[in-house]
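# Observations on the model geometry
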2 protein chains.
Amino acid sequence: MSGFLHVVGLGPGAGDLRAPRATEALARASDIVGYASYLARVPERSAQLRHASDNRDEISRARHALSLAAAGRRVAVVSSGDAGVFAMASAVFEAIEHGDPAWRALDVEIVPGISAMFAAAARIGAPLGHDFCAMSLSDNLKPWPTVLARLRAVAAAGFTVALYNPRSRARPWQLAAAFDLLRTILPRGTCVAMATAVSSADERIEITSLAEADPSRADMRTLVLIGSAATRRIERADGGLWLYAPRGAPA
Amino acid sequence: MSGFLHVVGLGPGAGDLRAPRATEALARASDIVGYASYLARVPERSAQLRHASDNRDEISRARHALSLAAAGRRVAVVSSGDAGVFAMASAVFEAIEHGDPAWRALDVEIVPGISAMFAAAARIGAPLGHDFCAMSLSDNLKPWPTVLARLRAVAAAGFTVALYNPRSRARPWQLAAAFDLLRTILPRGTCVAMATAVSSADERIEITSLAEADPSRADMRTLVLIGSAATRRIERADGGLWLYAPRGAPA
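Here's a quick rundown of the structure. All figures in this text were calculated on a predicted structure; none of them were measured in a lab.

Right, let's get into the packing of helix α3 (residues 58–70) of chain A against helix α4 (residues 88–97) of chain A. Residue and element names in this part refer to chain A. Viewed as axis vectors pointing N to C, α3 and α4 meet at an angle of 70 degrees, and their least axial separation amounts to 8 Å. With respect to each other, α3 and α4 are oriented roughly perpendicular. Crossing handedness for the pair α3 and α4: right-handed. For the pair α3 and α4, contact is made by Glu58, Ile59, Arg61, Ala62, Arg63 and Leu66 and by Met88, Ala91, Val92, Glu94, Ala95 and Ile96, respectively. Counted by class, the contact of α3 with α4 contains eight nonpolar, no polar and four charged residues.

Counted under the stated rule, the structure contains 13 aromatic pairs over all chains. Here Phe118 of chain A and Phe118 of chain B contribute two aromatic rings whose centre-to-centre distance is 5.3 Å and whose plane-to-plane angle is 20 degrees, an arrangement assigned as stacked. Linking Phe118 of chain A in helix α5 (residues 116–124) with Phe118 of chain B in helix α5 (residues 116–124), this pair reaches from one chain into another. Assigned by exposure class, Phe118 of chain A and Phe118 of chain B land together as buried. Plain terms: the ring middles of Phe118 of chain B and Phe132 of chain B are 5.9 Å apart, the flat faces sit at 85 degrees to each other, and that makes the pair edge-to-face. Taken together, the residues Phe118 of chain B in helix α5 and Phe132 of chain B in strand β7 (residues 132–136) connect sequence positions 14 residues apart. You'll find Phe118 of chain B and Phe132 of chain B in the same group, each marked buried. A connected cluster of aromatic rings, assembled from ring pairs, spans Phe118 and Phe132 of chain A together with Phe118 and Phe132 of chain B. It is Arg74 of chain A that lies over the ring of Phe4 of chain A; its NZ or CZ is 4.4 Å from the centre. One residue, Arg150 of chain A, lies across the ring of Phe159 of chain B, its end atom 5.8 Å from the ring centre.

Rules used throughout
- Residues numbered from 1 in each chain as written.
- Chains lettered and ligands numbered in written order.
- Predicted model: local features only at pLDDT ≥ 70, side-chain atom pairs only at ≥ 80, totals over all residues.
- Heavy atoms only, no water.
- Axes fitted to C-alpha atoms, helices over the stretch in contact; angles between N-to-C directions.
- Helix = DSSP H or I, 4+ residues; strand = E, 2+ residues; numbered from the N terminus.
- Parallel < 35°, antiparallel > 145°, perpendicular 65-115°, else oblique.
- Left-handed = near helix turned anticlockwise from the far one by under 90°.
- Contact = heavy atoms within 4.5 Å.
- Nonpolar A, V, L, I, M, F, W, Y, C, P; charged D, E, K, R; others polar.
- Phe/Tyr/Trp six-rings, centres within 6.5 Å; stacked < 30°, edge-to-face > 60°.
- Buried < 20%, exposed > 50% of the residue type's maximum accessible area, 1.4 Å probe, protein only.
- Lys NZ or Arg CZ within 6 Å of the ring centre and 35° of its normal.

Limitation: the analysis is restricted to geometry and does not speak to function.
Now the structure itself:
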């Protein structure tokens, strides 16, 4: 089978945070498949076909891309951030596992990218500098009690937590419930950062505390970082703040 | 204060996985500070000073870089992977917090990179495609009981785990002890991957199970990925394997 499938992480937003390997894979593709707002971040080329989809059905999008590749096309599926982190790479493998056996012969390459989480952390200081977790707050594909159990486990164990998909129109109450749970486990002064649209023109970074964190400040483009009891706050000379995780843990 | 400090993630190894913003920051620096083997990955420029150090004392290295920046130099501190993940950014902020108050007026910018963890995951499939943790197995700055308690918490809660610093000459037994603990929590068939020197010429990827995982295959350049009970294995037509985390969790 001659088809080729790249799953490409576009990085968080800024063009100079996209890896050259991703840029090259996009330039060489015959077909680009992705959510419309991610496709808009890929330079257009006249000989290239673009297949825009809405963001809801990742498996259909993955199957479409695999079918094109199986027909001999050179396909790039695009994701924001890193393609392997709450993004299209898992959907592609899920589609392969349950799909046409011939897809297992395709040349599949995942091109990693700079994740939203690390781009956000870089703007804030080094809040993910020691043990941390990344988890999705969405209960679309995961029971809500599982979300709460995982959050409780990692907060109690001293991990910093990066929350993906914290809030959307269809999931308006989950972030407030997560903050409520965390206030029973962590000190109320625990550092919280909300980073929205990181590295794009409308980037917004807000640093607050668990006591004062306001869920309504988050939307689908927001990454919420919740520090551990060890997370430190440094006042900068200009009045701003840096947050960082010390490199170890106290005895 | 006119000095400038960039903390730059070089990416995992391959040149085409380094962000253009990192390349640019390195080109514009008057001074580059870092562990010698990372400096070797930065193209030399005649007007630039290079300050190589051994890998052991991160805080001294950070203080040196901050002193140079405070003296008006344009300094880049380099880390492999992402600068904010078990790397130099935390050390720089730790040095700022406990150092010369004037350092709080420096222009500090963290340039994120593609982490070793995501580059490794991309070579394996999408093992970090759903909730996961990253933790350091080093007990140099963290009591060993804390390491075990964290590992127990996240494995029991269903996270995939990426272990940084799994093994070195000075820490030869910790990875075996971690596997022993995990075998009491997770099914013996749980997927384990060991990815060494990812994206460099001597890259080595080994996929095995928790029952058969051999700690002696890991060294300081290895990232160990431990799946959850949900992690799936796909046999490729060429006999190889892909691992991936499904996008949700079962009810």
